[in-house]
Amino acid sequence: KNNIKKTFNEEFINSNLLFLDNKKIDKILDKYRLIDYLKFKKIYPSKLQIIVYEKETIAIINYKKKSFYLTKNGEEIKFFKNSRLEKLPNIFGKQKNFLEIYSVLVEIDFPIEKIKSFYHFDIGRWDIILQDNKVIKLPVKNFADSLKNYIDLRNEINFEKYSIFDYRIKDQLILN
């Protein structure tokens, strides 16, 4: 936040509020990739209020020794140190159809904040590792039904004694 304020002050100090330089604005947007868009409000006679809207990041992609932040819209942003963003779940492997899984998680009100990581396998299937080290092994197809079943089961009395919930075989749940 302080770096962004400093950058805006440097770029727009003593600038004409009626004619802002779009090149300077684009330069700032290129420097800070997490900025979604900006709103400018001119407060006459000599002030400019800048409202910064941030892109919503949903995960950290780790693939082939490179890391990126993934936004809700599927955009990949080069990784940089940020203590707030380090709490995001990690994706290991390709992020193929991840946004589809993420939208299902949101739709069924899955506690996404309890997810530690996602693992993608080349056959097209995903594992979800939770903060408490429980593993949900999803099938390639119909994973939404499996996730809904898991949500229903998590409130059961015997839930705590299992650490692996394997949904890979159609119409079956294997507990371990």
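Quick summary incoming for the structure in this document. If you're wondering where the values come from, they're calculated on a predicted model, not measured in any experiment.

1. Here's the deal with the overall build of the protein chain
In terms of regular secondary structure, the protein chain is built from 4 helices and 11 strands. A globule of 176 residues ought to have a C-alpha radius of gyration of about 16 Å, yet the protein chain, at 22 Å, is considerably larger. Considering only C-alpha atoms, the protein chain reaches an extent of 70 × 35 × 25 Å along its principal axes. When each of the 176 residues of the protein chain is scored for burial, the buried share is 36%. For the protein chain, the proportion of contacts with a sequence separation of at least 24, taken over those separated by at least 6, is 41%.

2. Quick notes on helix 4 (residues 143–153)
Buried residues of helix 4: Phe143, Ser146, Leu147, Tyr150 and Ile151, and no others. Relative to the axis of helix 4, the buried residues are bounded by an arc of 140° and lie together on one face. On its buried face, helix 4 is in contact with helix 3 (98–107), strand 8 (126–130), strand 9 (135–137) and strand 10 (164–166).

3. Overview of the pairing of strand 8
Counting buried positions along strand 8 yields 5 of 5 residues, so the element is predominantly enclosed. Residue alternation in strand 8 divides its side chains into two sets, Trp126, Ile128 and Leu130 and Asp127 and Ile129, and both sets are buried. Two elements, strand 7 (residues 115–120) and strand 8, share 5 bridges in a ladder whose sense is antiparallel. By the bridge assignment, Tyr119 is partnered in strand 8 with Asp127. Linking two consecutive strands that pair antiparallel, namely strand 7 and strand 8, is a turn of 5 residues; a positive phi of about 100° is found at Gly124 within it.

The rules behind each value
- Residues numbered from 1 in each chain as written.
- Predicted model: local features only at pLDDT ≥ 70, side-chain atom pairs only at ≥ 80, totals over all residues.
- Heavy atoms only, no water.
- Helix = DSSP H or I, 4+ residues; strand = E, 2+ residues; numbered from the N terminus.
- Rg over C-alpha atoms; globule rule 2.2 N^0.38 Å.
- Buried < 20%, exposed > 50% of the residue type's maximum accessible area, 1.4 Å probe, protein only.
- Contact = heavy atoms within 4.5 Å.
- Arc of directions from axis to C-beta.
- Pairing = 2+ DSSP bridges.

Worth remembering: the numbers are spatial, not functional.
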